[in-house]
Amino acid sequence: MVDIRTVGVIGAGQMGQGIAHVCALGGYDVLLNDIEPDKIKEALAIIDGHMSRQVAKGVITDADREAALGRIRSADLAATGGADLIVEAATENEEVKKAIFRSLHPHLKADALLASNTSSISITRLASITDRPERFIGLHFMNPVPQMKLVEVIRGIATDVATYEQAVSFARSLGKITTNAEDFPAFIVNRVLVPMINEAIYTLYEGVGTVEAIDNALKLGANHPMGPLELGDFIGLDTVLSIMNVLHDGLADSKYRPCPLLVKYVEAGWLGKKVGRGFYDYRGDVPVPTR
């Protein structure tokens, strides 16, 4: 098995930032790559801010923060391919992910491990377009990565036992708790969670309750820390729609049909908190429902 010392992270968005953050604090050198180089500068500033808050809370020391930030550097795709483990954390789009792995192929070390942070897409299909399906694994980190303890570990049909065991060991070295999920659409967490969000959107669409009524009902009636519509905004409504489409296409069951209102919001570009507007408008001091 490869001795993992360097981790490549492809995608400097919310998930990539979080994965780079925990890997650097875990003592790994991190090569951070993004198709838009300016995003890496932004990501490093965000990581620094998150680590500074951890220092303020006494979770880590300032020396830990400085050392971890020193382990993260920007890298092009060729340099990233030289890492011991490469974690793809790009947008939840199968063709985009496949294109990344095809582009990586000429730059990979012979013993490098490949992983995808996909939250719903088949690991078997992603692995099949690489030269090493036996060394390919799903590592689904939860958002926000520095706070959430769980990592779903998903084997494709060709993933070998050594790869799985090393992936589990790696995740645990970051202070995470792992759960094994079989390679079926959306795995465990999103197979349960995202249809609940979709059903909450249907509840709004059908006029059963308002945005605030639905979110308060689940927070106060089911003891959820965040209402389902607020949670959808936090995840990103484009990601919610993508996962529902994976479920609907992969399982051919009408109960996974995306709500038309979800589709409309995504078509409008109202993707949630990351763009300032979704089921809530976040552009003011206090979030205001948009319906």
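Residues numbered from 1 in each chain as written. Predicted model: local features only at pLDDT ≥ 70, side-chain atom pairs only at ≥ 80, totals over all residues. Heavy atoms only, no water.

The name that an unreviewed UniProt entry assigns to the protein is 3-hydroxybutyryl-CoA dehydrogenase, with the source organism given as Caulobacter ginsengisoli. UniProt's Sequence similarities (unreviewed entry) comment on the protein is quoted here verbatim: "Belongs to the 3-hydroxyacyl-CoA dehydrogenase family." (UniProt positions renumbered as here; feature names shortened; annotations may be inferred.)

Asker: I would appreciate a short explanation of the UniProt feature "domain: 3-hydroxyacyl-CoA dehydrogenase C-terminal" (unreviewed entry) in the protein in the present structure.
Answerer: Taking the numbering used here, the UniProt-annotated feature "domain: 3-hydroxyacyl-CoA dehydrogenase C-terminal" (unreviewed entry) corresponds to residues 187-282. Secondary structure across residues 187-282 comprises 62% helix and 2% strand; the distance between its end C-alpha atoms is 31 Å. (Helix = DSSP H or I, 4+ residues; strand = E, 2+ residues; numbered from the N terminus.)

Asker: What is the right way to read the pattern of salt bridges from this model?
Answerer: Between side chains of opposite charge, pairing is possible as soon as their charged atoms come close. Under the definition given, this model contains 13 salt bridges. Ionic pairing is found between Asp281 and Arg283, a salt bridge with its closest N-O pair at 2.7 Å. Bridged by salt links that share partners, the residues Asp48, Asp62, Arg65 and Glu66 form one connected network. (Salt bridge = Lys/Arg side-chain N within 4 Å of Asp/Glu carboxyl O.)

Asker: Got a minute to help me understand the environment of Thr61 in this structure?
Answerer: With respect to the element layout, Thr61 can be found in the loop between helix H2 (37-56) and helix H3 (62-71). Assessed through its relative accessible area of 42%, Thr61 is described here as partly exposed. Between the C-alpha atoms of Thr61 and Met51, which are 10 residues apart in sequence, the distance is 9.2 Å. (Buried < 20%, exposed > 50% of the residue type's maximum accessible area, 1.4 Å probe, protein only.)

Asker: For this particular structure, what's the right way to read the pairing of strand E8 (residues 177-181)?
Answerer: If a strand is regular, its side chains alternate between the two faces of the sheet. Note that strand E7 (residues 150-155) and E8 share five bridges and pair parallel. Across the sheet, residue Ile154 finds its bridge partner in E8, namely Ala181. (Pairing = 2+ DSSP bridges.)

Asker: Help me understand the environment of Ala78, please; the structure alone is not making it clear to me.
Answerer: For Ala78, the position within the fold is in helix H4 (residues 77-80). The class for Ala78 is partly exposed, based on a relative accessible area of 40%. Once the C-alpha coordinates of Ala78 and Pro106 are considered, the two residues, 28 residues apart in sequence, prove to be 8.1 Å apart.

Asker: For this particular structure, what's the right way to read the side chain of Asp215?
Answerer: Secondary-structure assignment places Asp215 in helix H9 (residues 211-221). Excluding anything up to four places from it in sequence, Asp215 contacts Gly227, Pro228, Leu229, Glu230 and Tyr280. (Contact = heavy atoms within 4.5 Å.)

Asker: Quick question: what am I supposed to make of the UniProt feature "domain: 3-hydroxyacyl-CoA dehydrogenase NAD binding" (unreviewed entry) in the protein here?
Answerer: Taking the numbering used here, the UniProt-annotated feature "domain: 3-hydroxyacyl-CoA dehydrogenase NAD binding" (unreviewed entry) corresponds to residues 6-182. Between the first and last C-alpha atoms of residues 6-182 the distance is 27 Å; the span itself is 43% helix and 21% strand.

Asker: For this particular structure, what's the right way to read helix H8 (residues 189-205)?
Answerer: Along an α-helix, a turn takes 3.6 residues, which lines up residues three or four apart on a common side. With 17 residues, H8 extends 24 Å between its outermost C-alpha atoms, agreeing within 8% with the 24 Å of an ideal straight helix rising 1.5 Å per residue. Of all the positions in H8, only Asn190, Val194, Pro195, Ile197, Asn198, Ala200, Ile201, Tyr202 and Leu204 are classed as buried. (Expected span 1.5 Å × (residues − 1).)

Asker: Just checking my understanding: could you explain the sheet that holds E7 for this structure?
Answerer: Across a sheet, strands are paired by hydrogen bonds formed along the backbone, either parallel or antiparallel in direction. Strand order across the open sheet formed by eight strands is E3-E2-E1-E4-E5-E6-E7-E8, with mixed pairing between neighbours. Edge strands, defined here as strands with exactly one partner in the open sheet, are strand E3 (72-74) and E8. Adjacent strand axes in the sheet meet at a mean angle of 25° when their direction is disregarded. Packed onto the sheet, H3 meets strand E2 (29-33) and E3 and runs at close to 30° relative to E3. (Axes fitted to C-alpha atoms, helices over the stretch in contact; angles between N-to-C directions.)

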